[in-house]
Amino acid sequence: MLEYFWGCEEMKIVGMICEYNPFHHGHLYHIQKIKEIFPDSLLVLVLNGYFLERGEISLLTKEDKTNIALEHGVDLVLELPVVFGTQAADIFAEKAIEILNHVGVTDVVFGSEHNDIQLLYKIAEIQLQPEFSLRVKKYLDSGVNYPTALSKALNLPNMIKEPNDLLGISYAKAILKHQYPIQLHTIQRTNSYHDITSTQVIVSASNIRSKIKNQEDISKYVPSGIPLLLQSYSDDFLYKLFTYQIMTNNALNVYETVDEGIENRLKEMVLRAKSLDEFIHLVKTKRYTYNRIRRMIIHILLGFTKEVNLKLHLDYLHILGFSIKGQEYLSKIRKQIEIPIKPIYSSKIYEFEKRAAFLYEILTNSSVQIFEKRNRPIIKKGN
């Protein structure tokens with residue numbers, strides 16, 4: 001037990017888990033609301049990097065996202081490694097919460113569609129019951145898709161299907177499973193993830209990405225300076241890389257996410273599809289959702305295998321940046337953190353972080369490997 005953390009009465013250590021793809025006014029609202037709720041807090045961010053939970057490519061580099069977070073009031077930024085950040089919600093959430101627990105976070109605040117934390121905890125408790133997975137499997141075997149199977153297995157009047165709430169349930173499961181001394185709090189989400197047409201000032205990141213794809217002006221929806229930092233990439237080029245991997249590899253089932261004989265379907269559809277979107281549409285099934293296929297593509301391109309995944313554990317923390325306040329806090333508690341607070345070069349986690357940077361650099365024509373090799377936290381001077 002880290003006595004300094006849990007015995008500290010002077011200051012709340014508040015956590016956030018974000019991807020910033022891209023950073024927008026809703027993210028700024030998130031930070032401002034936390035500072036309203038916890039005015040004397042230290043704000044810690046676990047940040048996903050180059051490739052994201054839904055298998056997407058980040059529109060902002062890890063370095064730029066860190067600078068943006070620090071500029072807008074975050075005190076300490078920690079990396080969510082790509083080997084965890086590109087996995088399904090439960091793993092993504094569990095590892096992010098584990099990182100926050102290592103640095104003494106007492107409270108985690110996230111946006112929520114239902115804004116009912118007790119309901120999310122209740123669902124988490126049900127999902128942790130041993131028989132729950134058997135009920136889900138029964139419904140999957142009946143032919144329904146995964147979200148429907150989850151809903152039927154829960155047998156609750158209010159079906160939770162919005163992305164932030166689903167992540168919130170995963171956060172709650174991680175906290176309950178490991179008995180972390182962390183309390184969850186919700187902020188009412190003001191827009192829908194699925195709404196890609198709204199023109200309000202605060203819209204979802206998916207809405208903004210849709211506008212970028214349609215070459216619309218997004219300056220209304222993001223803080224000044226953000227549009228100039230956005231990276232571009234070609235889905236056509238990504239698909240060519242992926243096609244090469246598929247057609248020259250006879251052991252696709254070794255890769256993480258490639259399960260249940262889907263490798264034969266991948267090889268068949270990659271010959272038929274003329275684009276990445278068409279390929280995903282052809283491969284997609286009730287069990288293989290759009291997001292799962294996107295994650296699969298990234299795992300194959302990174303060479304991330306099931307064997308490696310089985311052996312992974314969080315063996316270090318990577319500090320991406322801090323304010324002076326964050327630096328002071330870190331210096332006080334660093335001896336009580338149970339794992340190293342800098343990358344271990346022999347770690348598989350670090351190896352795949354380097355692979356991710358290299359792949360991202362190829363796809364976006366950026367220079368992110370300089371930041372990775374420099375491996376020094378960004379320090380925000382002043383208040």
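One structure accompanies this document, and this report is about it.

The rules we used
- Residues numbered from 1 in each chain as written.
- Predicted model: local features only at pLDDT ≥ 70, side-chain atom pairs only at ≥ 80, totals over all residues.
- Heavy atoms only, no water.
- Helix = DSSP H or I, 4+ residues; strand = E, 2+ residues; numbered from the N terminus.
- Buried < 20%, exposed > 50% of the residue type's maximum accessible area, 1.4 Å probe, protein only.
- Contact = heavy atoms within 4.5 Å.
- Lys, Arg positive; Asp, Glu negative; His and termini not counted.
- Charge placed at Lys NZ, Arg CZ, Asp CG, Glu CD.
- Phe/Tyr/Trp six-rings, centres within 6.5 Å; stacked < 30°, edge-to-face > 60°.
- Lys NZ or Arg CZ within 6 Å of the ring centre and 35° of its normal.
- Axes fitted to C-alpha atoms, helices over the stretch in contact; angles between N-to-C directions.
- Parallel < 35°, antiparallel > 145°, perpendicular 65-115°, else oblique.
- Left-handed = near helix turned anticlockwise from the far one by under 90°.
- Nonpolar A, V, L, I, M, F, W, Y, C, P; charged D, E, K, R; others polar.
- Pairing = 2+ DSSP bridges.
- Core = buried A, V, L, I, M, F, W, Y, C linked by side-chain atoms within 4.5 Å.
- Patch = residues over 30% accessible without salt bridge, like charges linked within 9 Å, V, L, I, M, F, W, Y side chains within 5 Å.
- Areas by Shrake-Rupley, 256 points an atom, 1.4 Å probe, with all protein chains shown as cover.
- Salt bridge = Lys/Arg side-chain N within 4 Å of Asp/Glu carboxyl O.

### Considerations on the overall build of the protein chain
- Check the secondary structure of the protein chain and you find 19 helices and seven strands.
- For the protein chain, the spread of C-alpha atoms along the three principal axes comes to 60 × 50 × 45 Å.
- Relative to its full complement of 383 residues, the protein chain shows a buried share of 57%.
- Sequence separation of at least 24 residues holds for 75% of the intrachain contacts in the protein chain that already meet a minimum separation of 6.
- When the 46 basic and 44 acidic side-chain charges of the protein chain are each reduced to a single mean position, those positions are 3 Å apart.

### A closer look at the environment of Glu94
- Looking at the element boundaries, Glu94 is found in helix 5 (residues 89-102).
- Between the C-alpha atoms of Glu94 and Thr66, which are 28 residues apart in sequence, the distance is 21 Å.
- In contact with Glu94, other than residues within four places in its own chain, are Ala174, Lys177 and His178.

### Concerning the packing of aromatic side chains
- In this structure the tally under the stated criterion is eight aromatic pairs.
- Centre to centre, the rings of Phe110 and Tyr171 are 5.4 Å apart; their planes meet at 70 degrees, and the pair counts as edge-to-face. Of this pair, Phe110 sits in strand 4 (residues 107-112) while Tyr171 sits in helix 9 (residues 163-178), and the two are 61 residues apart along the sequence.
- Exposure remark for Tyr171: the relative accessible area of 3% places this residue in the buried category.
- Geometrically, the ring pair formed by Tyr345 and Tyr350 is tilted, given 5.0 Å between the ring centres and 50 degrees between the ring planes.
- With relative accessibility at 56%, the residue Tyr345 sits in the exposed group.
- By the ring-pair criterion, three or more aromatic residues cluster together here, those being Tyr50, Phe51 and Tyr360.
- In this arrangement the basic side chain of Lys138 is found over the ring face of Tyr139, its NZ or CZ atom lying 4.8 Å from the centre.
- Between the NZ or CZ atom of Arg355 and the centre of the ring of Phe352, over which it lies, the distance is 4.3 Å.

### Remarks on the packing of helix 12 (residues 235-247) against helix 13 (residues 262-272)
- Their axes nearest at 10 Å, the elements helix 12 and helix 13 cross at an angle of 130 degrees. Considering their axes alone, helix 12 and helix 13 lie oblique with respect to each other. Of the two possible hands of crossing, helix 12 and helix 13 adopt the one that is left-handed. Two secondary-structure elements touch here, helix 12 through Tyr239, Thr243, Ile246 and Met247 and helix 13 through Leu266, Lys267, Met269, Val270 and Leu271.
- The residue inventory of the contact of helix 12 with helix 13, partitioned by class, reads seven nonpolar, one polar and one charged.

### Re the sheet that holds strand 6 (residues 319-323)
- Read across the sheet, seven strands follow the order 5-4-1-2-3-6-7 without closing on themselves; strand pairing throughout is mixed. Only two strands of the sheet have a single partner each, and these edge strands are strand 5 (183-188) and strand 7 (378-380). If you compare each strand with its neighbour and ignore which way they point, the axes differ by 25 degrees on average.
- For strand 6 and strand 7, the ladder comprises three bridges, and the chain directions are parallel.

### Digging into the nonpolar core
- In this structure, Phe51, Leu266 and Phe279 are the most contacted members of the largest nonpolar core, which totals 126 residues.
- For Phe279, the contacting residues outside a window of four places in its chain are Tyr239, Phe242, Leu266, Met269, Val270, Ala273, Ile293 and Ile297.

### Points about a nonpolar patch on the surface
- A cluster of nonpolar side chains, namely Phe237, Phe358 and Ile362, defines an oily patch on the protein surface of about 270 Å² accessible area.
- Considering the arrangement of structural elements, one finds Phe358 in helix 18 (residues 348-364).
- You can call Phe358 partly exposed: its relative accessible area is 46%.

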